[in-house]
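Given next are the chains, with one letter for each unit.
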Amino acid sequence: MNMRTQFRHSGRDISYLDVVGPGPSQPQTLLLLHAFPLAAEMWQPQLESVPAGWRFIAPDLRGFGSSSPGDPAAPPSVGDYEEDVVALLDHLALDSVVLGGLSMGGYGAFAVLRRAPHRVRGLVLADTRAEADGEVARASRDGMLETLAIGGAAAVFERMRPGLLGVTTRASRPAVVERVRQLALAQTDVGIRRGIQRLKTRPDSTALLSRLTCPAIVIVGEEDEITGVDDARRMHRQIAGADLAIISRAGHLSNLEHPEEFTAALARFLATRFAP
Ligand code: MLT
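For clarity, every value in this text was computed on a predicted model and none was experimentally measured.

Caption draft 1: View of the pattern of salt bridges. Scanning the model with the defined rule gives 22 salt bridges in all. For E158, the salt bridge identified is with R161, shortest N-O distance 2.9 Å. One end of the pair is E158 and the other is R161, both in helix α4 (residues 135–164) and three residues apart, which spans about a single turn. Given a relative accessible area of 41%, E158 falls into the partly exposed group. The salt bridge partner of R234 is D231, with a shortest N-O separation of 2.7 Å. Of this pair, R234 and D231 both sit in helix α9 (residues 229–238), three residues apart, which is roughly one turn of the helix. In this structure, a network of salt bridges that share partners links the residues R12, R62, D80, E83, D84 and R198.

What follows is the structure in structure tokens.
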């Protein structure tokens, strides 16, 4: 059953999707963090195929979907994502979970690893990178803020479309393009603006990779033009014993672009590394 639920934390709503697969009454939990500028619904293909013995939870990150943007006077940082993930785990009385993130969601996962590593018992890093933004990327974030100010969410989506979706999807999967467009257009300007500021100011997380002791998998779409196969291979080399899955005919949003292959790689990782 796919359930949307929300709770209050520090005067804000935190909203999430929660799906329990078939099997034991005490399932293991995978928490999935979404990409920019989207929301928890981007995990729909995976939420529709939760394996036996697992529970998948996908929150809307702060300011996206149905989660409140928070205090407008507080400077946004990826630490906000850590705060909300930990609040969600506390709310659900979950000591630790397998934590997954795609792109911006991966940056959120790194924020949790930095400040609350004991809450993470496994890691899924999809189409993301550990490095902080360099000068060029930060300038491009400023350009994106201008695009947002002029044209709103629709203009941000059009600017991102070529990188966000792989060449195969853009050419032959119009329903996926439309689904991503709808999700992006549903986001508020304030949520997107504060999201961009978090992307731009996130710290470098490279040092976390070699310190990881939990099972991990790096997943990447072979046509990803934002955080490509080279980034994925570099992260994979830095994490001892990690798995690597390269998703064929998929770009940056590999879980949506080729869901069968992504979901199978994820299920294999969970079954082999977290056998009950
Ligand atoms: C995302 O998909 O979350 C963004 O592309 C991340 C980024 O721009 O760094």
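Caption draft 2: Representation of unusual backbone geometry within the structure. Cis geometry is adopted by the peptide bond preceding P37, which originates at F36 and carries an omega value of -5°. Assignment of secondary structure puts P37 in the loop between β3 (28–33) and α1 (44–47). The residue S103 is not glycine, and still its phi comes out positive at about 55°. Tracing the sequence through the fold places S103 in the loop between β5 (97–102) and α3 (104–115). A relative accessible area of 8% means that S103 is categorised as buried. Phi angles above zero are rare outside glycine, and R249 is one such case at about 50°. Among the structural elements, R249 can be located in the loop between β8 (243–247) and α10 (254–257).

Caption draft 3: Spatial organisation of the packing of α4 against helix α6 (residues 174–185). Where α4 contacts α6, the axes come no closer than 9 Å and their chain directions differ by 140°. As the angle between them shows, α4 and α6 are arranged oblique. Classified by chirality, the crossing of α6 by α4 is right-handed. Here A153, A154, F157, E158, R161 and L164 of α4 lie close against α6, whose contacting residues are V177, V180, R181, A184 and L185. Considered class by class, the residues forming the contact of α4 with α6 number eight nonpolar, no polar and three charged.

Caption draft 4: Just the pairing of β5, in detail. Across the six residues of β5, six count as buried, placing the element largely inside the fold. The pairing of β5 with strand β6 (residues 120–126) spans six bridges and is parallel. Paired with V97 across the strands is V120, a residue of β6. Regarding topology, α3 serves as the crossover connection from β5 to the parallel β6, and that connection is right-handed.

Caption draft 5: Representation of the packing of aromatic side chains. Using the criterion set out here, one finds five aromatic pairs in the structure. With a centroid separation of 5.9 Å and an interplanar angle of 85°, the aromatic rings of W54 and F274 are classed as edge-to-face. Residue W54 is found in strand β4 (residues 54–59), and its partner F274 is found in the segment after α11 (259–273); the two are separated by 220 residues along the sequence. Like W54, the residue F274 is buried in the burial classification. Relative to F274, the ring of F269 lies with its centre 5.6 Å away and its plane at 80°, an arrangement referred to as edge-to-face. Each member of the pair, F269 as well as F274, carries the same accessibility label: buried. One aromatic cluster is present, formed by W54, F269 and F274 through successive ring pairs. One residue, R202, lies across the ring of Y107, its end atom 3.8 Å from the ring centre.

Caption draft 6: Inspection of the site of the ligand at higher detail. Lining the immediate surroundings of the ligand are A35, F36, S103, M104, Y107, R141, M160, I226 and H252. Take H252: an N or O atom from its side chain is 2.8 Å from an oxygen atom of the ligand. In isolation the ligand offers 270 Å² of accessible surface; the protein chains occlude 96% of this area.

Basis of the calculations
Residues numbered from 1 in each chain as written. Predicted model: local features only at pLDDT ≥ 70, side-chain atom pairs only at ≥ 80, totals over all residues. Heavy atoms only, no water. Salt bridge = Lys/Arg side-chain N within 4 Å of Asp/Glu carboxyl O. Helix = DSSP H or I, 4+ residues; strand = E, 2+ residues; numbered from the N terminus. Buried < 20%, exposed > 50% of the residue type's maximum accessible area, 1.4 Å probe, protein only. Axes fitted to C-alpha atoms, helices over the stretch in contact; angles between N-to-C directions. Parallel < 35°, antiparallel > 145°, perpendicular 65-115°, else oblique. Left-handed = near helix turned anticlockwise from the far one by under 90°. Contact = heavy atoms within 4.5 Å. Nonpolar A, V, L, I, M, F, W, Y, C, P; charged D, E, K, R; others polar. Pairing = 2+ DSSP bridges. Right-handed = clockwise from strand over helix to strand, strands pointing away. Phe/Tyr/Trp six-rings, centres within 6.5 Å; stacked < 30°, edge-to-face > 60°. Lys NZ or Arg CZ within 6 Å of the ring centre and 35° of its normal. Near = heavy atom within 4 Å. Polar contact = N/O pair within 3.5 Å; in protein donor to acceptor, adjacent residues only side chain to side chain. Areas by Shrake-Rupley, 256 points an atom, 1.4 Å probe, with all protein chains shown as cover.

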